[in-house]
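Given next are the chains, with one letter for each unit.
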Amino acid sequence: MHKESAIRDPLILGDKSYHDITVDVVGPIENKAPRAWYILITIAGLIAIWGLGCVVYLISTGIGVWGLNKTVGWAWDITNFVWWVGIGHAGTLISAVLLLFRQKWRMAINRSAEAMTIFAVMMAALFPGIHMGRIWLAYWVLPLPNTFGSLWVNFNSPLLWDVFAISTYFSVSLVFWYIGLIPDFATIRDRMTNPLSKKIYGLLSFGWSGKAKQWTRFEEVSLVLAGLATPLVFSVHSIVSMDFATSIVPGWHTTIFPPYFVSGAVFSGFAMVLTLLLIMRKVMKLESYITVKHVEYMNIVIIVTGSIVGVAYITELFISWYSGVEYESYAFINRFSGPYFWAYWAMMTCNVVSPQLFWFKKIRTSFLATFILSIVVNIGMWFERFVIIVTSLHRDYVPSSWSMFYPTWVDIGIFIGTIGIFFTLFLLFARFFPVLALNELKTILKVSGEKYKKEDH
Amino acid sequence: MASTNKTVRVIHAMFDDDHRILEAAKDVVARGIRIKEVYSPFPIHGLDPVIGIKRTRLAIVAFMFGTTGLALGLLGMWYFMIDDWPMNIGGKPSFSLMENIPSFVPVAFEFTVLCAAHGMAITYMIRNGTLPGMTAVNPDPRTTDDKFVMEITSEENPDMTSEGLSSMLKNAGAIEINEKEIAVS
């Protein structure tokens, strides 16, 4: 039971009881999947298989099949890596930061946002792995004793910091997600009649019984994990940005990178959450839980982070001129007027101009407009990483080594493939897992239910 | 405890509202009856002090795991980078921990969080008795949906009479009362 202002719209619409919440969330798991689900998973699965095929081809042939060259050694691979990691920032931000700020509206979206985070980080982790070329030696990034090579890994290198940051982020997010899932799996276990699914959900629920002491511990663990995950979210993308910022490449060597990357990550993560949730609420009939209020709040986060990103772009541009470093200023002149000008202006339009439309209440409360703009933001954020990586590399200090990057079908195939794998995983999640944190939602039902408000408590 | 065949009476009183079970628990405890357990589909705030549950110390566990992680992380980095094979990489020598600390901050932080989070999560699982393969003990499948059950045993309350207790629980709003005799050796 929590306190809530009487003039606010309730968080859960439609006069639900505790049992209704269980039925609404567990129903789609018990019943047969709708035909749309089969169609979607077939498409996503085929794309995923295609992507995996491309990965196998890449590994068995060598990364020469990518469009990389001596000048542009990082291109789509690292662009995709940063893009996916960025998307993976929304889930933990929603569940951890909003938990610390006591934003109860997070409860309707945190479960699926966390699932999205985990799948996105998995996709991200794929890219540095396959970029190594010899993926079977990937364990060399771990600090292993000398028998494996002759040296320890370099702890002064941001690339190694990344190994620790991404693996910590992934495993802590996974644990956070699963601890929240345990009581909900218990709910499903106790409702299932089919012995096989009862057995499976029984195993997944780890024997959760809902004792008072268990719940006390549950709340404490959630709070402490949120406290730990909050600085973690900010550290991960800061460290990703240091992969670039600690180098001496003009266009990368910028102190503004950590906050700029973090807000960009939240920006793209929220956009992806909106893309997924707007479809999910319709298909799974969750309109009472994921309401226009949730969409509006997320759009406000998008305006804020989008504006921070916009300010960062302009600051970068200004500093490149103001610093008086000719390499730095050339890097930026080349960005907006060089051969990749179209990528720069696509980024500017999608990330700086389009989110400003959310200042209009009509637009930020419209599902269709939000859906379209969320995809626009995702495209824009992909271009941001492409612009940062490729336009900085393709023309650096020595004009004789200037070059261009052209993606091959393998570059494109793997990128499209990860989108397929991501959606396959998300569809499986939506089919077999509780997509809302149903037991948490029950705690905000009481005062936010319309009936309770009508009774004028 | 005597080795004769002893039985324990277990009373499960079911409620359909979190507020009502909280009020009932206060009532029951005020009459000197101890409540063994409460099963609920979600946390009931304010219940713990009523039924005598102390605050969990898991946060302290997390802190201890965190400091262990920090110490291990720094020790490891000192050994790898400073002690075992110091190198000068890119004009940045690794000859003393103090000089290298700034570049060790990220990994030290990540490792602290890693140890604190996983250490606490594992402790939580063990203390809770929720591990893979464990079986649930909630008395009724509805307690993970929308019902709340209060468990009272004769073991803890040797001189309770079931009639008096039943009528009291009924008055407090219990919708169902189940009584069981469980043999204990």
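Predicted model only: the values in this text are computed from it and were never measured.

Conventions we followed
Residues numbered from 1 in each chain as written. Chains lettered and ligands numbered in written order. Predicted model: local features only at pLDDT ≥ 70, side-chain atom pairs only at ≥ 80, totals over all residues. Helix = DSSP H or I, 4+ residues; strand = E, 2+ residues; numbered from the N terminus. Rg over C-alpha atoms; globule rule 2.2 N^0.38 Å. Buried ≥ 20, exposed ≤ 12 C-beta atoms within 10 Å, placed from the backbone. Contact = placed C-beta atoms within 7 Å. pLDDT = per-residue confidence, 0-100. Nonpolar A, V, L, I, M, F, W, Y, C, P; charged D, E, K, R; others polar. Axes fitted to C-alpha atoms, helices over the stretch in contact; angles between N-to-C directions. Parallel < 35°, antiparallel > 145°, perpendicular 65-115°, else oblique. Left-handed = near helix turned anticlockwise from the far one by under 90°. Domains from an automatic or database assignment. Core = buried A, V, L, I, M, F, W, Y, C linked by C-beta atoms within 7 Å. Expected span 1.5 Å × (residues − 1). Arc of directions from axis to C-beta.

**Student:** Before we go on, may I ask you to explain the overall build of chain B in this structure?
**Tutor:** Regarding its fold elements, chain B presents five helices and six strands. Reading the secondary structure of chain B in the N-to-C direction produces β-α-β-α-α-β-β-α-β-α-β. Here chain B has a C-alpha radius of gyration of 26 Å; the compact-globule value for 185 residues is 16 Å, and the former is much larger. Across its three principal axes, chain B shows a C-alpha extent of roughly 85 × 40 × 30 Å. Taking all 185 residues of chain B together, the buried fraction comes to 38%. Nonlocal contacts in chain B, meaning residues at least 24 apart in sequence, comprise 75% of its contacts between residues at least 6 apart.

**Student:** Can you walk me through the overall build of chain A in this structure?
**Tutor:** Tallying secondary structure elements over chain A gives 18 helices and zero strands in all. For a compact globule of 457 residues, the expected C-alpha radius of gyration is about 23 Å, and chain A comes in at 23 Å, within 12% of that figure. Counting only C-alpha atoms, chain A reaches 75 × 55 × 40 Å along its principal axes. Per-residue burial over chain A gives 50% buried out of 457 residues. Sequence separation of at least 24 residues holds for 83% of the intrachain contacts in chain A that already meet a minimum separation of 6.

**Student:** I keep staring at the confidence of the model for chain B and nothing clicks. Help me out?
**Tutor:** Regions with low pLDDT carry predicted coordinates that are not meant to be interpreted in detail. Overall, the prediction assigns chain B a mean pLDDT of 84, with 96% of residues at 70 or greater. ipTM for the predicted complex: 0.89, alongside a pTM of 0.90.

**Student:** Can you help me understand the interface of chain A and chain B in this one?
**Tutor:** How large an interface is tends to be reported as the accessible area lost when its parts come together. With 52 residues of chain A in contact, the opposing surface of chain B contributes 58 residues. When residues of the side of chain A that touches chain B are traced back to their parent elements, those giving at least two are α1 (18-30), α6 (158-191), α8 (212-245) and α16 (438-443) of chain A. The biggest single contributor to the side of chain A that touches chain B is α8(A), with 16 residues. Along the lines of polarity and charge, the residues of the side of chain A that touches chain B split into 26 nonpolar, 17 polar and nine charged.

**Student:** What should I look at first to understand the packing of helix α5 (residues 110-131) of chain A against helix α9 (residues 257-283) of chain A in this one?
**Tutor:** The relative placement of two packed helices comes down to the angle between their axes together with the axis-to-axis distance. Residues and elements named next belong to chain A. Orientation of α5 relative to α9, taken along the N-to-C sense of each, is 125°, at an axis distance of 10 Å. Considering the angle they form, α5 stands oblique to α9. For α5 against α9, the interelement crossing comes out right-handed. Across the interface between the two elements, Ser 112, Ala 113 and Met 116 from α5 touch Met 272, Val 273, Leu 276, Leu 277 and Met 280 from α9. For the contact of α5 with α9, the class distribution of residues is seven nonpolar, one polar and no charged.

**Student:** Would you mind showing me how to read the domain arrangement of chain B here?
**Tutor:** You can read the domains of chain B as domain 1 (6-41 + 146-184) and domain 2 (58-128). For domain 1 of chain B and domain 2 of chain B, the distance between their C-alpha centres works out to 49 Å.

**Student:** Explanation requested: the environment of A:Thr424 in the structure shown.
**Tutor:** All names here are of chain A. By secondary structure assignment, the location of Thr 424 is in helix α15 (residues 409-432). The class for Thr 424 is buried, based on 22 C-beta atoms found within 10 Å. The sequence separation of Thr 424 and Leu 286 amounts to 138 residues, and the corresponding C-alpha distance is 20 Å. Not counting residues within four places of it along the chain, the set of residues in contact with Thr 424 comprises Ile 41, Ala 44, Gly 45 and Ala 48.

**Student:** Mind showing me how you'd approach the nonpolar core here?
**Tutor:** One broad rule of soluble globular proteins: the nonpolar side chains tend to lie buried together. Within the largest apolar cluster, 182 residues are counted, with the highest numbers of intra-cluster contacts made by A:Val273, A:Leu441, B:Ala25 and B:Met120. Counting residues per element, this core draws most heavily on α8(A), which supplies 16 residues. Both of domain 1 (6-41 + 146-184) and domain 2 (58-128) of chain B provide at least three residues apiece to this core. Each residue touching B:Met120, except ones within four places of it in the same chain, is listed here: A:Val221, A:Val224, B:Leu58, B:Val61, B:Ala62 and B:Phe65.

**Student:** Looking at this structure, I do not really get the packing of α8(A) against α9(A). What am I missing?
**Tutor:** Residue and element names in this part refer to chain A. Packing of α8 against α9 brings their axes to within 8 Å, and their N-to-C directions diverge by 125°. Classified by the angle between their axes, α8 and α9 sit oblique to one another. Note on packing geometry: the crossing formed by α8 with α9 is right-handed. Residues Phe 234, His 237, Ser 238, Val 240, Ser 241, Met 242, Phe 244 and Ala 245 of α8 form the contact with α9, whose participating residues are Phe 257, Pro 258, Phe 261, Val 262 and Ala 265. Along the lines of polarity and charge, the residues of the contact of α8 with α9 split into 10 nonpolar, three polar and no charged.

**Student:** When you look at the environment of A:Trp105 in this model, what are you seeing that I'm missing?
**Tutor:** Residue and element names in this part refer to chain A. Within the secondary structure layout, Trp 105 lies in the loop between α4 (90-100) and α5. Residues Trp 105 and Leu 441 lie 336 residues apart in sequence; the distance between their C-alpha atoms is 9.2 Å. The contacts of Trp 105, once residues within four sequence positions are left out, are Leu 11, Lys 293, His 294 and Tyr 297.

**Student:** For this particular structure, what's the right way to read helix α11 (residues 326-337) of chain A?
**Tutor:** Note: α-helices contain 3.6 residues per turn, so residues at a spacing of three or four share the same orientation. All names here are of chain A. The end-to-end C-alpha distance of α11, which contains 12 residues, comes to 16 Å, matching closely the 16 Å that a straight helix rising 1.5 Å per residue would cover. Among the residues of α11, Ala 331, Phe 332, Asn 334 and Arg 335 are the ones counted as buried. Mapping the buried residues of α11 onto a view down its axis gives an arc of 155°, with all of them on the same face. The exposed residues of α11 that point more than 90 degrees off its buried face are Glu 326 and Ser 337. In the core, the buried residues of α11 are packed alongside α10 (292-322), α12 (341-353) and α14 (367-394).

**Student:** Just checking my understanding: could you explain unusual backbone geometry for this structure?
**Tutor:** The phi torsion of most residues other than glycine is negative, and most of the peptide bonds are trans. Residues and elements named next belong to chain A. We note that Phe 206 has phi near 55°; this positive angle belongs to a residue other than glycine. According to the C-beta neighbour criterion, Phe 206 is buried, with 23 such atoms within 10 Å. Positive phi, normally seen in glycine, also occurs at Lys 285, with a value near 55°. The exposure class of Lys 285 is exposed, given the 12 C-beta atoms found within 10 Å.

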